Each structure stands twice: as C-alpha cells, then as structure tokens.
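So you can see what is in the structure, the chains are spelled out below.
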Amino acid sequence: MAATRERPPWTGDERTQLLGWFDLQRGIVRLKCEGLSDADAHRVLLPSSPLLTVAGIVGHLTAVEDLWFREVLLGEWGDGPGLGPDAGEDDEFRVAGRPLPALLAGYAAACARSDAAIAAHDLDDTGSTALHAVGGATLRWMVQHMLEETARHAGHLDLLREMLDGETGYY
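By convention here, each chain's residues receive numbers from 1 onward along its written sequence. For this predicted model, a pLDDT threshold of at least 70 governs which residues receive local features, and a threshold of 80 or more governs which side-chain atom pairs are given and counted, while totals over whole chains, interfaces and linings are taken from all residues. Heavy atoms from the whole structure form the basis of all side-chain values; hydrogens and water molecules are not counted.

We now examine the side chain of Glu 149. Runs of E in the DSSP output that reach at least two residues are strands. Runs of H or I that reach at least four are helices, and both are numbered from the N terminus. Tracing the backbone through its elements, the reader meets Glu 149 in helix H5 (residues 139-165). Only protein chains enter the calculation, and the probe is 1.4 Å; a residue is then buried if its accessible area is under 20% of its type maximum, exposed if over 50%, and partly exposed in between. Here Glu 149 falls in the buried class, since its relative accessible area comes to 6%. Apart from the residues within four sequence positions on either side, Glu 149 is in contact with His 60, Leu 61 and Val 64. What makes two residues a contact is simply this: any of their non-hydrogen atoms within 4.5 Å.

Structure below.
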C-alpha cells in the first residue's frame, strides 16, 4: 500500500483496516518530517535521550520495518544500520552524517519491501524462525506490533516537531 494520510474505511475487512491504520501512521511519520532542515532533524532536544531525534526515529523505523518483515517474516538478513547478526544496541538510531532526505528515502524503500512481503502472505501465516525465535508469530501479530511501534514513534515525532518549530497537527 502507498503511504496515505487517510483513515481506512469504516466497513473494510480486517486486512484492509489493519494495513490502512498502519499506513496512516507511516504517512504521519513522513508528515512530521516535512519542511524540517537537516540540522533540526538531527538536533538533540532531550538530553536524557540523545538518540531520540527526528532523524534517529526515522532510522529506527526503517530498521524495524526490515527487522520484522524481512528478517522475522521472510528469514533474510537485513543490511542496514541496526540490522544483521553484528548489529549493536541502538545502532539504527545513530544517523549522524546521514541527511534527512536520504533517511526518508531509505524508510520509503523499507516500507515498500515490507508491503511486498505482507502482500505475499496471509495474516495467519507465521514467519521464519531461522534468524529470530519470534518468527513463530503470525503476520497479524507482526503488523499489529509494527502499527503500535510506528504510532508510538509518530507521537514522539509529534512532540519533537512541536519543540523544534511549533508545528502541530495529526495529519
């Protein structure tokens, strides 16, 4: 599904509604990044959480898209920061020197890979345990988890964006 800022239909089937809400949250992530300078996207606003920047969140969301739908669902190692067998803790948040447009392009590419993997499976299909034991979860569980993960970080982006330039809005 292409990213949207539209809510899913009130009467759609489970898959349509679940993926519609997921895609809405992905669209909100992009919205919260629109018009930000690269300096603002990398600005640390919370001294107790120096990795929690707009750019860092986009890096993290890119990695978890590939983690859940490439590594866990398909059983293939990802190759981005924070992925693969040698990934360090929070590596995906460490995005210094990576411009926001490049991070957003990477996020779009990861979402497209995820969408292709999701489209090829039923919600009741389980993933692969070749790389991660949690691969025994159903695709439904993975999408619900990623919907929660993306929405939580969209909320973080909401607060960071307001702190940066006063910009607010749900979608």
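On to the packing of aromatic side chains. By convention, a stacked pair of Phe, Tyr or Trp rings (six-membered ring in the case of Trp) has centres within 6.5 Å and planes under 30 degrees apart, an edge-to-face pair has planes over 60 apart, and any other such pair is tilted. For the structure shown, the criterion picks out two aromatic pairs. Aromatic side chains Phe 22 and Phe 69 sit 6.2 Å apart centroid to centroid with 45° between the ring planes, which places their arrangement in the tilted category. Here the residue Phe 22 occupies a position in helix H1 (residues 14-33), and Phe 69 occupies one in helix H3 (residues 54-72), the gap between them amounting to 47 residues. In this scheme, the term charge over a ring applies when either NZ of a lysine or CZ of an arginine sits within 6 Å of the ring centre and within 35 degrees of the ring normal. We note Arg 26 situated over the ring of Phe 22; from NZ or CZ to the ring centre the distance is 4.1 Å.

A separate point is unusual backbone geometry. If you check the backbone angles, Asp 90 has positive phi at about 65° while not being a glycine. Looking at where Asp 90 falls in the secondary structure, it is placed in the loop between H3 and helix H4 (100-119).

A separate point is the nonpolar core. Take the buried residues of types Ala, Val, Leu, Ile, Met, Phe, Trp, Tyr and Cys, join any two whose side-chain atoms come within 4.5 Å, and each joined set is a nonpolar core. By size, the foremost hydrophobic cluster in this structure holds 39 residues, and its most contacted members are Phe 22, Val 54, Phe 69 and Val 143. Filtering out sequence-adjacent residues up to four positions away, Val 54 remains in contact with Cys 33, Leu 36, Ala 41, Leu 157, Leu 160 and Leu 164.

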